[in-house]
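A closer look at the structure
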Amino acid sequence: MITLKSEREIQTMKDSGKILSDIHVALRDFIKEGITTKQIDQFVQERIEAADAVAAQIGYEGYQFATCTSVNDEICHGFPSNRVLKEGDIVKVDFCVDLNGAISDSCWCYAIGEIIPEHERLMEVTKEALYRGIEQAKVGNRIGDIGHAIQTFVEGEGFGVVRDFIGHGIGPTIHEEPPIPHYGLKGKGLRLKEGMTLTIEPMVTTGDWKMKMDANGWTARTRDGGFCAQYEHSLAIGPEGPIILTKQENEI
Ligand code: MF3
Ligand code: CO
């Protein structure tokens, strides 16, 4: 079932998203060579709790951490660990904030020191793909318009779009209807309505998009070992177009 949110519900999701996006802003300085992904997780959890909110991923379907910290070839759901980040790595930090029952969800990708030009381009293309998807998230458009915009752009740049994980509706729970694929056909799928709240979160790979699952049953990585980048925003379909709920200060 797709629920349409009231202005008031959307405002609380925006407040939740503000807590989340401020933490991403703080991570810009915190993430550097020599820290572990577990330190990132602790940093995020402490800040969520300091804002009197809840780290919504803990306990979600048995997941144990505040964040997913996915490094290099890991596509998503990387477990925070004692892995030390080194120059040339990229890390995707994905987490959800629950403020009074309103959940926001956003992932950002961080480079450690100097990275190779191909990976710089991967990050740029993935962020641009997110914005191109968001641009399509307006009343009257269809869900396929979002995926189509993302897929054609990414593939035109010679990169791959992950199929196994997709965006989703969001609200009082992390994953709601409808599913939002990052691939698809223009003019196909459900029509977008005012009051829908959803995530767009393309995962883009340097090589093939096919994934393999780690033995932990959660962490997905590219089969060919290529790097993967991801950027995610939560948004609401407003009367005048998309409203980004997790927008960061000085985002671009
Ligand atoms: N933040 C993830 C998303 O973008 C959800 C992670 S599910 C969890 O959909 F179990 F890992 F928390
Ligand atoms: Co997320």
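All figures in this text were calculated on a predicted structure; none of them were measured in a lab.

Attention shifts here to the site of ligand 1. Around ligand 1 sit 13 residues in total, of which Q57, D105, H168, H175 and E201 are the nearest. Q57 is positioned such that a nitrogen or oxygen atom in its side chain is 2.8 Å from a nitrogen atom of ligand 1. Taken by itself ligand 1 offers 340 Å² of open surface, and the protein chains cover 97% of this. Of the residues belonging to the shell around ligand 1, the class tally is five nonpolar, four polar and four charged.

To continue, consider the UniProt feature "binding site: a divalent metal cation 1" (unreviewed entry) in the chain. The residues that UniProt annotates with the feature "binding site: a divalent metal cation 1" (unreviewed entry) are D94, D105 and E232. In three dimensions, the annotated residues from a span of 139 residues occupy one location, with a maximal C-alpha spread of 8.0 Å. Within the fold, D94 resides in strand β4 (residues 90–99). Note on D94: relative accessible area 10%, which makes it buried. The contact partners of D94, leaving out residues within four places of it in the chain, are Q57, A66, T67, C68, D105, S106, C107, E201, Q230 and E232. Assignment of secondary structure puts E232 in the loop between β13 (228–230) and β14 (233–238). Look past the residues within four positions of E232 in its chain and what remains in contact with it is D94, D105, S106, C107, W108, L130, H168, T199, I200 and E201.

Calculation criteria
Residues numbered from 1 in each chain as written. Chains lettered and ligands numbered in written order. Predicted model: local features only at pLDDT ≥ 70, side-chain atom pairs only at ≥ 80, totals over all residues. Heavy atoms only, no water. Near = heavy atom within 4 Å. Polar contact = N/O pair within 3.5 Å; in protein donor to acceptor, adjacent residues only side chain to side chain. Areas by Shrake-Rupley, 256 points an atom, 1.4 Å probe, with all protein chains shown as cover. Nonpolar A, V, L, I, M, F, W, Y, C, P; charged D, E, K, R; others polar. UniProt positions renumbered as here; feature names shortened; annotations may be inferred. Helix = DSSP H or I, 4+ residues; strand = E, 2+ residues; numbered from the N terminus. Buried < 20%, exposed > 50% of the residue type's maximum accessible area, 1.4 Å probe, protein only. Contact = heavy atoms within 4.5 Å.

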